[in-house]
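A closer look at the structure
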Amino acid sequence: MSSALEIKNVTHKFGKFRALNNVSVSINVGDFTVLLGLNGAGKTTLYSLITRLYNNNTGSIKIHNFNVREDSSNALKRIGVVFQQPTLDLDLSVEENLYYHASLHGISTADAKLRINEEIGRINLIEKLKNKVRSLSGGQRRRVEIARSLLHKPKLLLLDEPTVGLDIGSRQMILKHVKLLCKKGELAVLWATHLIDEIDKGEKVIVIDKGQILESGDVTKIIKKTRQKTIRDAFNKLVGIKI
Amino acid sequence: MSPIIYFRCFRGIVLREALRFVHQKERFFSALVRPLVWLGIFAAGFRSVLGVAIIPPYETYIPYEVYIAPGLIAMIQLFNGMQSSLSMVYDREMGSMKTMLVSPIPRWFLLISKLLAGVFVSILQVYAFLIIASFWDIIPPITGYFTILPALVISGLMLGSLGMFLSSAIKQLENFAGVMNFVIFPMFFASSALYPLWKIEETSEWLYYICFYNPFTYAVECIRFSLYSQFNLEYGLGILIFSVIFLILSILGYDPARGSLQKKGGK
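Residue indices follow the written sequence of each chain, beginning from 1 at its first position. To label them, take the chains in the order written and letter them from A, then take the ligands in the order written and number them from 1. Local features in a predicted model are, by the rule used here, given only for residues with pLDDT of at least 70; side-chain atom pairs are given and counted only at 80 or more, and totals for whole chains, interfaces and linings are based on all residues. Side-chain descriptors were evaluated using all non-hydrogen atoms of the structure, hydrogens and water having been removed beforehand.

Attention shifts here to the sheet that holds strand E2 (residues 17-28) of chain A. Residue and element names in this part refer to chain A. For two strands to count as paired, DSSP must find a minimum of two bridges between them. Note on conventions: DSSP H or I runs of at least 4 residues are helices, E runs of at least 2 residues are strands, and numbering of each starts at the N terminus. The strand order across the open sheet formed by 4 strands is E2-E1-E4-E5, and the pairing between neighbours is antiparallel. With partners counted over all chains shown, the strands left at the sheet margins are E2 and strand E5 (66-67), one partner each. Here strand E4 (residues 60-63) runs beside E5; their pairing, made up of 2 bridges, is antiparallel. What sits directly across from Ile63, in E5, is Phe66. Taken strand by strand, helix H1 (residues 43-50) contacts strand E1 (3-14), E2 and E4, and its axis lies near 115° from that of E1. Whether two residues are in contact is decided by their heavy atoms: any pair within 4.5 Å suffices. Angular values range over 0 to 180 degrees, each being the angle between N-to-C directions of two axes fitted as lines to C-alpha atoms, with helices fitted over their stretch in contact.

Residues and elements named next belong to chain B. Between Lys or Arg on one side and Asp or Glu on the other, a salt bridge is scored when a side-chain nitrogen of the former is within 4 Å of a carboxyl oxygen of the latter. Summed over all chains, the structure comprises 15 salt bridges over all chains. Between Glu221 and Arg224 there is a salt bridge; the shortest N-O distance is 3.2 Å. Here Arg224 and Glu221 lie together in helix H10 (residues 215-227), a separation of 3 residues that amounts to about one turn. By relative accessible area, which is 7% here, Glu221 ends up buried. Relative accessibility thresholds used throughout: buried, under 20% of the residue-type maximum; exposed, over 50%; partly exposed, between the two (1.4 Å probe, protein chains only). By relative accessible area, which is 0% here, Arg224 ends up buried.

Moving on to the domain arrangement of chain A. All names here are of chain A. Parsing chain A into structural domains produces domain 1 (1-78 + 154-167 + 186-243) and domain 2 (86-153). Facing 10 residues of domain 1, the contacting portion of domain 2 comprises 9 residues. Summed over the three residues of domain 1 that lose the most area to domain 2, namely Pro154, Leu157 and Leu166, the buried surface amounts to 58% of that side. Our enumeration of links across domain 1 and domain 2 arrives at 0 salt bridges. Definition of a polar contact: a pair of N or O atoms within 3.5 Å, with one able to donate and the other able to accept a hydrogen when the atoms are protein atoms, and with sequence-neighbouring residues admitted only if both atoms are side-chain atoms. Here domain 1 is connected to domain 2 by 1 residue pair in polar contact (both at pLDDT 80 or more). Marked domain ranges trace back to an automatic or database domain assignment. Once two parts are joined, some of their accessible surface, as seen by a 1.4 Å probe, is lost; buried area is that loss totalled over both.

Our focus in this paragraph is the sheet that holds strand E7 (residues 156-160) of chain A. Residues and elements named next belong to chain A. The sheet built from 6 strands is open, its strands ordered E6-E7-E8-E3-E9-E10 with mixed pairing. The open sheet has two free edges, formed respectively by strand E6 (79-82) and strand E10 (212-218), since each of these has just one partner strand. For this sheet the average axis-to-axis angle between neighbouring strands, irrespective of direction, equals 15°. By the bridge criterion, 4 bridges tie E6 to E7 in an arrangement that is parallel. Its bridge partner being in E7, Gly80 is matched across the sheet by Leu157. Of the strands in this sheet, strand E3 (32-36), E7 and strand E8 (188-193) touch helix H6 (residues 168-184), which is tilted by about 155° from E8.

Another point: the pairing of E1(A). Residues and elements named next belong to chain A. Direction of pairing for E1 relative to E2: antiparallel, over a ladder of 8 bridges. Pairing of Ile7 across the sheet is with Val25, part of E2. In this antiparallel pair of consecutive strands, E1 and E2, the connection spans 2 residues, and Gly15 shows a positive phi of 65°. Judged from the 4 bridges that link them, E1 and E4 form a sheet pairing that is antiparallel. Along E4, the bridge assignment pairs Lys8 with Ser60.

All names here are of chain B. Counting through the fold element by element, Ser167 comes out in helix H6 (residues 144-169). For the pair Ser167 and Val179, spaced 12 residues apart in sequence, the C-alpha to C-alpha distance is 9.7 Å. In terms of polar contacts, Ser167 uses its side chain to reach the side chain of Tyr254, at 2.8 Å.

Here it is as structure tokens:
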């Protein structure tokens, strides 16, 4: 199976602080992978390197074989991102926000219109298209952000704690929507979270702590390897949480 | 990447800035109130105190209001540039800046587009100011309304890129107040905006040199000459050089490989 994301031996420092230490990750096309770690584990730093908000000075990051550092344009074309912080412009309407994103990817107005209708229809928010983002609920804003991240038809979707601060209904709806997208097409998803209940059996999990990858593989493999009964227990054991 | 992709991106960034401008009407009015207060109150009080001799581009004695009008136009652009950089720091703190920075379009192009979008907004404000200023008998030759345009673009670009560079160096929104004290006020007062350079030279030679090498003076004088359909090579070249320097600094500031953001762990 071809690789959607290939990270090899990436280390990143802020001054003397080592935020990531020799991180290697591989995600295949069609994979739904959960990047599981506590707050401050290094998830957002890793995302910032993949999206080239930060420059990776060591190792390599490739998206569909395009090196992020050397061929950032081709690499970034293939990524859709939902950041941890909300990034929609509250003073603009949903439609205006989506057109703006389409223009940042060089999509024509006619194409953008078609894609906006398609994506916004998929998340059942077509009636909110003309509404100001400010008037939407937290869950609706997140869904708009997901729709926006898919407008340019990326091959790899990165979501950084997309359900933080949302009620359980919105969380489940978003999770279900993204998992469905992953199953349908050739989209690979890297879902960063610290919420263990977002992980289903059979999914691939990468456990990160203090900037290091502690374990990687499907849920059952990690449970078996750590000799625990649940993924929660396995995670607690790996990161050293004692209850 | 084809030129049409760049064009669509540029159009999108300008359109967004224009929409934000339309949605934030109070921003437009507050940008106009500031120079009008200077024109209506400050200039009225000082017109008898500060006499202005005949200096180019003027061909006769002029009222003080006419003298400070180009300085106030540059002031609109200075505040607009700083307002844009403030919104960039805010966007960065709030995260919306990231959506732009992860675009596949080269970052230098995105930043220049954002700068030009800001310049476009400031030009609208300047023309609105010029219309209102005509009630104070500040009426340049009709050609001046057209010849000022290139000067406004280049001075807006210079002041905007200075603001952008500052925004790349400022990590938190709270630190922006320092910019007011250490950049905006010294730049405005130590320039030819409120008084001619020869008058400053009479008082203090070292202050004259500070004013003379202040980039804002070049913006003010370029606007002054172009408003009267004249071109001054010295100021024209100066503003161009300052623009290029600030532009390079701001692009480097947002370069992931060199910028200050990554060193500080900012986002």
